[in-house]
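Here is what each chain is made of, one letter per residue.
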Amino acid sequence: MKKLVTPFRVGLLVIAAGAFFVTFVLFARKGGLSDSESTKVWAYFRDASGLAVRGRVQIAGIPVGEIDGITLEGTRAKVWLKIRDDVDLREDAVVTKRSESLLGDYLLDLNPGTEGAPSLETGGQIRRVVDTQGMEAVFESLSQITADIQEVTGALREVLGGERGAGSLQRIVENLVRLSDSVDATVRRNADRLDTIVGNVEAISQDVRGITQGNQAEITRIIDNIEFITRDVRQVLGSVKNIVGTGEGDVKESVASLKETLRKLDGALGNIEEITRKVKEGEGAAGVLLADEAVGRELRETVQDVSRFASRLTDLQAEIGIQSTYLAAQGNSKNVFSVRLIPKPDKYYLLELVDDPRGSVTTEVLQTNPPSEGDPVVQTRKVTKESLKVSAQFAKRWYFTTLRVGLIESTGGVGADLHFFNDALRFQMDAFNFADDELRYPRLRASLRAQPIDHLYLIAGMDDMLNAQQRDLATRRLVAGRDFFVGGGLFFTDDDLKAILTLTGIPTP
Amino acid sequence: MTTQTPSKPAREPGPFTQAVTRFGQGLIDIVSTLGGIITMGLDVFRWSVRRPFRLVNLFAQLDFVGVGSIFIVSLTGTFTGMVFALQTSTAFQLFDAESLVGPTVALTLTRELAAVFSALMVTMRAGSAMCTELGTMRVTEQVDALETMAVNPVQYLLVPRVLAGLFMVPALTMLFNTMGMGGAYVVAVGGLGISPGTFLSRTQQWLAPEDIFQGLLKGAVFGLAVSLICCFKGFNASGGAKGVGQATTEAMVASALSIFILDFILGVLFF
């Protein structure tokens, strides 16, 4: 066991060290760009200090390459750059040397160039190089400023230095002293006058301030008006010049035409004045319409009502459908024509015409008068007729449930629908015919409706689930009781109908 | 009658002569030691490729030198990386260049510190043990006994130790690199708030595979030198227990010096 443990431990150490080594090498390799995934270009720098191999090249702060090599060519540094292939380098590209920190750690900022310029291929040269950025540029500027200051101080020294300069300075100071004395004396002599002048100026400024403070809005309006007036005058003068022209004959004709136009205009204005006066006084239909406040209010309400009505009409959607089902026990088919009016997505009105083979049963009471012998005085007769039934229901939807109430197949009833799979599947329950004395229970109908494609659905279910079957003795027609049915239907929205009518055209008599 | 003049007693050499003598003797010792180490190294190489290959001995030494040094090298590496990151970040903050902490630590560790520190740790822990063990065997004539039994002591004793030094120090250098970078990352990112992305990306930018190769090569050279020196000193120890202790001390000093001198020479060659 000992013999096994020692090599195992050594092997573990070697494996761990090898793994660390491979990881480090892979990590370090990823830092560089390979030749296959980069474009190699070069640029001349006057000063490449601070640049190093593998130094960053970036665009907008994002690394896009690295410095591949730096060689000396003559008195310039030739710097080779590896730029990522996805950077679209152009011949007018610009590379700028910029310091990253005060340590002199430099990087290169790359402007890849404009789209219109030719592409820069591998081995190409970036001709635009800015290599005096950062602290170097700052120091250069400081050096220039220092030189300027030295120049100024030198000139001052030349002007003011020595005996001659000292004499000049002394004379300047003496002149300044005399000047200040003179000003002082003048002010003293005219102190009263100056006080008066200052007082007058103060009074004037107070007046002006009083005017402007109270009438700032008016003054602003006056200035605006003056501006408008000058603009209008300029336009009018331009128009007059165009209309009148330059010749004397043209002027006369223009003036005569203008007089005539003015006369007509005067008449037209008179008519308008007459009309507006009548309107103002409430004369005539227009006057009453505009001048009577009550009429105006009524008119506004009417317009609002019309607008609401029109809005409802435009929001209203209609759906027309037909359904045919085969009744298993009856051995006949039942057809339904329906119109669904949908004013809102969660509300609709359902109108149906139903052709039901069960027909409608009416009870007639016959009274024999005078009663014949052997027959009852009052007889009851049931008549089963094939007649269309009518349904008219109001429906309201909450989430996946719709409740209906109204007339179902010419009797009062209620219904409920459960919608599944984005309305592709619908479970439908109807309860109606509550008042029929012949039926033990109300007529209850359950159906499952599946809509595999638009406008077409399949339906199956059971009618009159609770009651036992009853047949007409003469015709064997099923008049009550449970019956299975299966069938299908089609429906179209008003949009579909519009499209169909647009394509086929409306038949004209 | 003949008179005999008494022979003059030998004159004591002067201080200058003594200094020159000591210097010369020291120089001769150094050159002799160097020559002895090289000769022994050639012997080791020669015997390492000849049968019988004593793998049990070899693995025992690999285990002793390499596996036994894992803990101390890991600990040293972690704290070296941590303290280096701490100190460099303090300096770089003055220049708003904290992003250079990662590359600085990485380059310093991979190129220099990992190999040097790993070799020093191996010298202190395993080299001293090698020297003492061999010296004791020498002064107790166990080496002679091996020769008597026709077992070549170079092949039996020295080859496994030298090969262990040669192979295990680079492995420990790699371990040192990893632990050091881990420690630097913890301090720089966790303690000093340098962003992890910046630390890793800038390290990746500046660290090249050549730096790692360079460190590993240095580790191998240091391992070879240290094991040869320790084996040589122990193998040639004399003078009983005192001689063994002196040989061990000399081996430690010579090993440490050789590591730094070789580091400089290799650094100049690689740079």
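Throughout what follows, the structure given in this document is the object of discussion. (Residues numbered from 1 in each chain as written. Chains lettered and ligands numbered in written order. Predicted model: local features only at pLDDT ≥ 70, side-chain atom pairs only at ≥ 80, totals over all residues.)

## What to know about the overall build of chain B
Argument step 1. Broken down by element type, chain B carries nine helices and zero strands.
Argument step 2. Helices and strands appear in chain B in the N-to-C order α-α-α-α-α-α-α-α-α.
Argument step 3. Taken over 271 residues, chain B has a buried fraction of 46%.
Argument step 4. Sequence separation of 24 or more characterises 88% of the internal contacts of chain B that already satisfy a separation of 6 or more. (Helix = DSSP H or I, 4+ residues; strand = E, 2+ residues; numbered from the N terminus. Buried ≥ 20, exposed ≤ 12 C-beta atoms within 10 Å, placed from the backbone. Contact = placed C-beta atoms within 7 Å.)

## Examining the interface of chain B and chain A
How big an interface is tends to be stated in terms of the accessible area lost upon association of its parts.
Argument step 1. Taken residue by residue, the interface counts 24 residues in chain B and 24 residues in chain A.
Argument step 2. Among the secondary structure elements, those contributing two or more residues to the side of chain B that touches chain A are helix H2 (55-65), helix H6 (153-191), helix H7 (196-206) and helix H8 (209-235) of chain B.
Argument step 3. A breakdown of the residues in the side of chain B that touches chain A according to their chemical character gives 17 nonpolar, five polar and two charged. (Nonpolar A, V, L, I, M, F, W, Y, C, P; charged D, E, K, R; others polar.)

## A short note on the packing of H8(B) against helix H9 (residues 240-270) of chain B
Residue and element names in this part refer to chain B.
Argument step 1. Between H8 and H9, the least distance of the axes is 9 Å, while the angle of their chain directions is 155°. Classified by the angle between their axes, H8 and H9 sit roughly antiparallel to one another. Considering the relative orientation of H8 and H9, their crossing is right-handed. Contacts between H8 and H9 pair Gln214, Lys218, Val221, Phe222, Ala225, Val226, Ile229, Cys230, Lys233 and Gly234 from the former with Ala247, Glu250, Ala251, Ala254, Ser255, Ser258, Ile259, Leu262, Asp263, Leu266 and Phe270 from the latter.
Argument step 2. Taken together, the residues that form the contact of H8 with H9 break down as 13 nonpolar, four polar and four charged. (Axes fitted to C-alpha atoms, helices over the stretch in contact; angles between N-to-C directions. Parallel < 35°, antiparallel > 145°, perpendicular 65-115°, else oblique. Left-handed = near helix turned anticlockwise from the far one by under 90°.)

## Points about the nonpolar core
Argument step 1. Membership of the largest hydrophobic core comes to 85 residues, with the highest contact counts inside it found for Ala119(B), Val162(B), Leu175(B), Ala184(B) and Cys231(B).
Argument step 2. With 21 residues, the top contributor of residues to this core is H6(B).
Argument step 3. By size, the runner-up hydrophobic cluster in this structure holds 19 residues, among which are Ile67(A), Val79(A), Leu108(A) and Leu110(A). (Core = buried A, V, L, I, M, F, W, Y, C linked by C-beta atoms within 7 Å.)

## Here's the deal with the pairing of strand S16 (residues 425-432) of chain A
Residue and element names in this part refer to chain A.
Argument step 1. Note: strand S15 (residues 411-420) against S16, eight bridges, orientation antiparallel. In the sheet register, Gly415 faces S16, and the bridge partner there is Asp430.
Argument step 2. The antiparallel hairpin formed by S15 and S16 contains four residues in its connecting segment, where Phe421 sits at a positive phi of about 50°.
Argument step 3. Summarising the sheet, S16 and strand S17 (residues 443-453) pair through eight bridges and their orientation is antiparallel. Pairing of Leu425 across the sheet is with Ala450, part of S17. (Pairing = 2+ DSSP bridges.)

## Topic: the pairing of strand S6 (residues 106-111) of chain A
For a regular strand, the rule is simple: side chains alternate between the two faces of the sheet.
Residues and elements named next belong to chain A.
Argument step 1. Sheet topology places strand S2 (residues 56-59) next to S6; two bridges connect them, and they run parallel. By the bridge assignment for S6, Val57 is matched with Leu108.
Argument step 2. As defined by bridge partners, strand S5 (residues 94-99) adjoins S6 across six bridges and the pair is classed as antiparallel. Among the inter-strand pairings, Val95 is bridged to a residue of S6, identified as Leu110.

## Considerations on the sheet that holds strand S18 (residues 456-463) of chain A
Residue and element names in this part refer to chain A.
Argument step 1. The sheet built from ten strands closes into a barrel, its strands ordered S8-S9-S10-S13-S14-S15-S16-S17-S18-S21 with antiparallel pairing. Geometrically, the sheet is characterised by an average inter-axis angle of 20° between neighbouring strands, direction not taken into account.
Argument step 2. Looking at chain direction, S17 and S18 are connected through six bridges and run antiparallel. Residue pairing across strands places Ala450 opposite Leu458, the latter belonging to S18.

## Quick look at the sheet that holds strand S3 (residues 62-73) of chain A
Residues and elements named next belong to chain A.
Argument step 1. Spatial strand order, S1-S4-S3-S2-S6-S5-S7: seven strands in an open sheet with mixed pairing. Two strands close off the open sheet at either side, each with one partner strand: strand S1 (38-45) and strand S7 (128-130). Neighbouring strand axes in the sheet, compared pairwise and without regard to direction, differ in orientation by 30° on average.
Argument step 2. Judged from the eight bridges that link them, S1 and strand S4 (residues 76-84) form a sheet pairing that is antiparallel. Within the sheet, the bridge partner assigned to Lys40 lies in S4 and is Lys82.

## Regarding the environment of Arg76(A)
All names here are of chain A.
Argument step 1. Residue placement: Arg76 occurs in strand S4.
Argument step 2. We classify Arg76 as partly exposed; it has 15 C-beta atoms within 10 Å.
Argument step 3. For the pair Arg76 and Asp47, spaced 29 residues apart in the sequence, the C-alpha separation amounts to 7.2 Å.
Argument step 4. Once residues lying within four places of it in the same chain are set aside, the contact partners of Arg76 are Tyr44, Phe45 and Arg46.

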